[in-house]
Each structure stands twice: as structure tokens, then as C-alpha cells.
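# Examining the three-dimensional arrangement
The lines below spell out each chain.
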Amino acid sequence: MTAQQNALELNQAIRKAQTAPLFDPRFASLEKSTFSQSASATSGLTYYDLETGAKLLYPVLTPLRNSIPRVSGKGGVQAAWRAITAINSSGLRVGVSGGNRGGVAAMTTKDYIATYKGIGIETNVDFEAQYAGQNFDDIRALAAQTGLEALMIGEEALILGGNTSLSLGATNTPTLVASNSGGALATGTLSVICVALTLDGLINSTVASGVQASITRTNADSSIDTFGGGAAQKSANATVAITGPSGSVTASVATTRGSFGYAWYWGAVGSETLGAITTINSLAITANAAGTQAAASLPSADNSSNALVFDGLLTQALQPSSGANITFQPTGAAGVGTPLTADGAGGIVEIEAILKSNWDLYRLSPDEVWVSSQEAGNISKKILAGSANSAQRFIFDSQQDAIGGGVMVTTYKNKYSLAGAKSLDIKIHPNMPPGTMLFLTRKLPYPLANVGNVMQVRTRQDYYQIEWPLRARRYEYGVYADEVLQHYFPPSMSVITNIGNG
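Notes on the structure in this doc start here. All values reported here derive from a predicted model rather than from experimental measurement.

On the basis of which strands lie adjacent, the open sheet formed by six strands has the order E14-E21-E18-E15-E17-E16 and mixed pairing. Since the sheet does not close on itself, it has two edges, and those belong to strand E14 (325-328) and strand E16 (411-414), each with one partner. Taken pair by pair, the neighbouring strands of this sheet meet at an average axis angle of 20°, ignoring direction. Here helix H8 (residues 349-362) sits on the sheet in contact with E14, E16, strand E17 (422-428), strand E18 (437-440) and strand E21 (494-497), set at roughly 160° to E21. Against the sheet, helix H9 (residues 373-384) touches strand E15 (368-371), E16, E17 and E18, its axis set at about 120° to E15.

So, on to the nonpolar core. The biggest cluster of nonpolar side chains holds 49 residues, and the ones touching the most others in it are Tyr265 and Leu313. Judged by nonpolar contacts, the second largest core, of 20 residues, contains Leu190, Cys194, Ala232 and Ala276.

Here we take up the side chain of threonine 436. Inspection of the secondary structure puts threonine 436 in the loop between E17 and E18. Using a relative accessible area of 1% as the deciding quantity, one classes threonine 436 as buried. One polar contact links threonine 436 to threonine 497, side chain to side chain, over a distance of 2.9 Å. Here threonine 436 is in contact with Phe260, Leu314, Trp370, Val371, Ser372, Glu375, Val495, Ile496, Thr497 and Ile499, once residues within four sequence places are set aside.

Pairs can form between side chains of opposite charge once their charged atoms are near each other. Taken as a whole and judged by the stated rule, the model has 15 salt bridges. Each of Arg70, Glu155, Asp462 and Glu483 takes part in one network of salt bridges that share partners.

Okay, the pairing of strand E9 (residues 238-242) next. Residues Ala238, Val240 and Ile242 point to one face of E9 and are all buried, whereas Thr239 and Ala241, pointing to the other face, are not buried. Relative to E9, strand E6 (residues 188-197) runs antiparallel, the two sharing five bridges. Looking across to E9, one finds that valine 192 is bridged to alanine 238.

Okay, H9 next. Taking 1.5 Å of rise per residue, the 12 residues of H9 would be expected to cover 16 Å, and the 17 Å separating its terminal C-alpha atoms lies within 8% of that figure. Inspection of H9 places Gln374, Glu375, Ala376, Asn378, Ile379, Ser380, Lys382 and Ile383 among the buried residues, and these make up the whole buried set. On its buried face, H9 is in contact with H8, E15, E16, E17 and E18.

Relative to the helices and strands, leucine 485 resides in strand E20 (residues 474-487). Here the alpha-carbon distance between leucine 485 and alanine 276, two residues 209 residues apart in the chain, equals 33 Å. With near-sequence residues (within four places) excluded, leucine 485 lies in contact with Ile68, Ala114, Ile159, Phe310, Asp311, Gly312, Leu313, Gln316, Gln456 and Val457.

Procedures and definitions
- Residues numbered from 1 in each chain as written.
- Predicted model: local features only at pLDDT ≥ 70, side-chain atom pairs only at ≥ 80, totals over all residues.
- Heavy atoms only, no water.
- Pairing = 2+ DSSP bridges.
- Helix = DSSP H or I, 4+ residues; strand = E, 2+ residues; numbered from the N terminus.
- Axes fitted to C-alpha atoms, helices over the stretch in contact; angles between N-to-C directions.
- Contact = heavy atoms within 4.5 Å.
- Core = buried A, V, L, I, M, F, W, Y, C linked by side-chain atoms within 4.5 Å.
- Buried < 20%, exposed > 50% of the residue type's maximum accessible area, 1.4 Å probe, protein only.
- Polar contact = N/O pair within 3.5 Å; in protein donor to acceptor, adjacent residues only side chain to side chain.
- Salt bridge = Lys/Arg side-chain N within 4 Å of Asp/Glu carboxyl O.
- Expected span 1.5 Å × (residues − 1).

Right under this line is the structure:
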């Protein structure tokens with residue numbers, strides 16, 4: 001073999017070695033592996049596609065707070081005013097004889113006071129939460145924003161039904177009627193206890209979590225406040241004998257002024273358990289109570305009022321001396337109650353009675369009625385289901401090839417007005433309990449009444465925020481206001497309550 005041939009073979013061997021794959025047993029598994037999409041969004045070589053900024057998916061519905069004027073107070077501990085509520089209240093005749101003077105008219109006056117109350121709520125952000133939220137959202141700004149919104153939501157509930165002065169007292173003893181059919185109660189003796197609830201008590205009570213009676217709250221500064229949770233004193237127990245296995249019991253109590261709900265406890269004597277919360281004063285019991293709170297755990301005291309808040313519109317209207325028109329629907333069938341009644345002429349009997357009474361007594365024509373979703377639906381059904389001769393007004397907004405289903409009654413014609421028929425706006429309130437309607441008059445038809453706003457929030461100090469000095473590795477914020485709700489003429493309000501669903 002020549003030197004030239006040896007060189008050629010060597011070059012061929014080198015090229016073959018360079019193109020041959022390098023094999024090492026340690027990398028055998030890598031030769032077989034491939035990249036694939038991870039089954040988890042947070043593992044593997046996967047980008048986490050998180051949009052920056054938290055989505056704030058909660059309602060902040062404060063229609064009364066938004067529409068009622070806010071005015072500045074002038075110090076002091078309470079807002080006070082005096083009113084002339086009637087002129088010539090004795091009905092003195094105005095005829096006079098020749099050359100003589102007339103009689104002296106009597107005037108009726110009344111003093112009003114409303115004590116200022118502080119409202120507030122706290123939020124905080126620890127340092128680590130702030131670090132972790134960088135490049136995602138401003139956590140401290142979120143804490144301030146959500147604190148203010150939470151305060152506004154709480155304030156709205158107070159404006160509607162805050163209660164500092166109307167104590168419910170002891171709930172009336174239930175009246176029971178047993179039946180040997182219609183349920184699944186076994187033979188034995190059933191004991192029933194009832195607890196009347198204010199709006200606050202109703203909003204914050206469920207069968208699962210129970211009724212809040214006396215509340216003790218530890219605050220952000222470690223101070224402690226104790227106040228009523230909106231529950232009246234529980235009733236005495238009532239008992240009835242049942243014949244099973246298909247037994248049932250109807251229970252009812254006399255309505256309590258200022259109550260918007262009733263919590264019902266039943267079971268063996270001494271072992272009554274929460275089983276239902278209703279917005280009417282009756283209940284049909286067909287099975288054992290499903291809750292866990294025992295009536296025995298409730299204090300034997302009235303915890304319906306809260307000394308830390310001001311009276312809301314419903315409470316001011318329901319005061320025995322308010323002069324407002326208050327209508328309690330009759331008990332009706334237990335568990336069903338008495339719904340609103342269609343008058344067969346496109347109206348509602350109970351609404352007509354309220355409007356007529358407002359005119360006859362005070363020459364007032366309400367501007368709006370606040371209702372729950374239950375009453376909004378029922379009013380629409382009853383008006384639309386009136387007789388063939390019903391007086392109804394339909395407004396059509398049609399488009400080519402387009403028609404929408406569903407009908408909603410949004411106004412009600414009030415025939416009792418000096419200026420002729422007037423529209424009463426029907427509005428849904430997020431905190432209005434089923435079975436209750438509140439009528440409001442925004443402007444008094446009295447000349448020179450010296451009342452700019454029929455109702456207003458009077459503030460010693462409107463909303464303000466405090467960022468407290470650091471006392472731990474945590475930013476702490478408080479949002480507060482100091483205010484009271486004034487209503488200059490409570491007789492201009494009306495309430496229908498204890499309305500059955502139907």
C-alpha cells in the first residue's frame with residue numbers, strides 16, 4: 001500500500017468518526033425524551049398567562065346613599081330641629097261677625113333630635129403581601145378602595161334599616177295547630193320557640209350559621225364593643241301533641257312592630273333547634289329542624305337595637321309616634337301569609353289604600369316605593385293579570401325583526417294628587433327584605449315649608465381615611481365617617497310589611 005493510499009484511508013476513517021453519533025449510556029434516556037405541553041398551568045416549561053390587576057367582582061349597590069343629600073353639621077352631639085306639624089289643629093271656624101275679631105288658631109309643634117354616630121371599617125396589608133403583589137396590583141391601594149366600598153355598603157343598610165332606638169322586646173308566644181298529615185313528623189310533643197328579627201338581624205342570620213343575638217367585637221386597636229345583633233328576646237315555648245308518622249304543625253305569632261323576619265326553633269322541649277327563618281309571621285313545619293343552633297343558647301334578653309348606629313328610614317317610619325302609615329298584612333294561611341291583592345282594575349288594593357291615606361291625611365303624593373325582587377315580580381304579575389277592563393298603559397319600543405320577552409312594571413299611577421295622575425316609581429333595593437315595601441316622598445307640597453331636603457345625611461365629618469402608624473410589619477388603614485340620618489317629616493313615609501309571596 002502506497003503512502004497515498006494510507007492517507008486516503010485515514011481521511012475516510014476520520015470523516016466517519018466525525019459523522020457518527022456520540023453514544024454514552026448515561027444519556028440513553030435523553031435520546032428518547034421529547035418536550036410536550038404540561039398538564040398543569042403551574043408546572044413544566046409553561047408560561048403563566050396571568051392578567052395584571054385583580055378583578056373586583058362584587059356589587060357596590062348604594063342607591064339611597066347615592067340619592068340622599070349629604071350636608072355638613074355644625075358640631076354638637078346631635079342634630080335638633082323643631083317643626084310645626086299642624087295649623088289650626090282644633091279646626092277653628094273662620095267666619096267672623098261684623099266689627100269683631102276672629103278666634104285664635106292653635107298650632108301643633110314637635111321637637112326632633114337625631115344623635116350623631118360614628119361608622120367605620122379597617123383593612124390591612126402585611127409587608128409580605130405587598131412584596132408578593134409587585135407587578136400584579138397595588139395591594140395597598142386595593143385595601144383603601146375596598147375599605148371605602150365596604151363602608152358604603154354597610155352605610156346603605158343603615159340608611160334603610162339601622163336601629164338604635166326601636167326595641168322589639170320579647171317575641172310573642174307562637175300559636176300551634178297540629179295535623180296528622182302533610183309532613184313527616186313522628187308521634188310526640190313538639191315545642192316551638194320564635195325570635196323576631198330586625199333588618200340587621202335578618203340580613204346576618206341563616207339557618208346554617210344561626211341567629212346573632214348579643215355581639216362582642218374585638219376591634220383593630222384591641223378595644224371591645226358589645227352591641228345588639230338585631231334579635232328580639234326569644235318567645236316562651238309553645239307545645240302541641242303530634243300524631244305521626246305523617247304529622248305536621250302550623251305555627252304563627254302576632255306581628256312585632258320593627259320586625260322584618262322571624263327565626264323558628266322546634267324540637268323536643270328544651271332541645272329546640274333553628275329550622276327556618278321567614279319574612280312573614282307564620283310557618284308550616286313538616287320535618288325535623290335542619291339547623292344546629294339551639295334556642296337554649298340564646299340569651300333571655302332583647303338584643304334588637306344597636307347603640308352604635310343611627311336609625312334608618314324603616315325604623316324612623318315604624319316608631320309608634322312617627323305618624324307614618326304602617327300596614328301589616330294579615331297572618332293568612334300559615335307559611336303562605338297574605339300576598340298583595342289585585343283590584344281588578346290594573347291596580348293593587350294595598351298600594352291604593354296607602355296612596356289614598358297619604359292624600360287624605362297629609363295631602364301628600366309619594367314619589368317612589370322601594371321593594372324587594374319578590375314584590376317587584378308580584379306587583380307586575382298582579383297588574384298584568386287584571387281583568388279585561390283593567391286600565392293599563394303600555395309603552396312599545398319596536399325595532400325591525402326584534403321583539404323582547406318579559407314585562408316589568410316600573411311605575412304606578414297615583415290618582416291622589418292635586419296635579420292629577422302622578423307616577424310612583426317602583427325601585428328594587430338590594431337590602432329590602434321580601435315582604436316589605438317602603439314609600440318615600442322626596443318633596444313636600446307645602447309652600448314655604450323651610451325644608452330644603454325632606455331627608456338628608458348630616459355629617460359632623462364626612463368620609464376620611466387614616467393610615468395608622470406602623471406597629472408591626474403591616475400597613476393598617478381605617479375609613480370612617482361621623483353622621484346621622486335626618487328625616488324632617490316621618491309621616492311622609494309609609495310601610496307595608498308581612499306580605500306573603502304570591
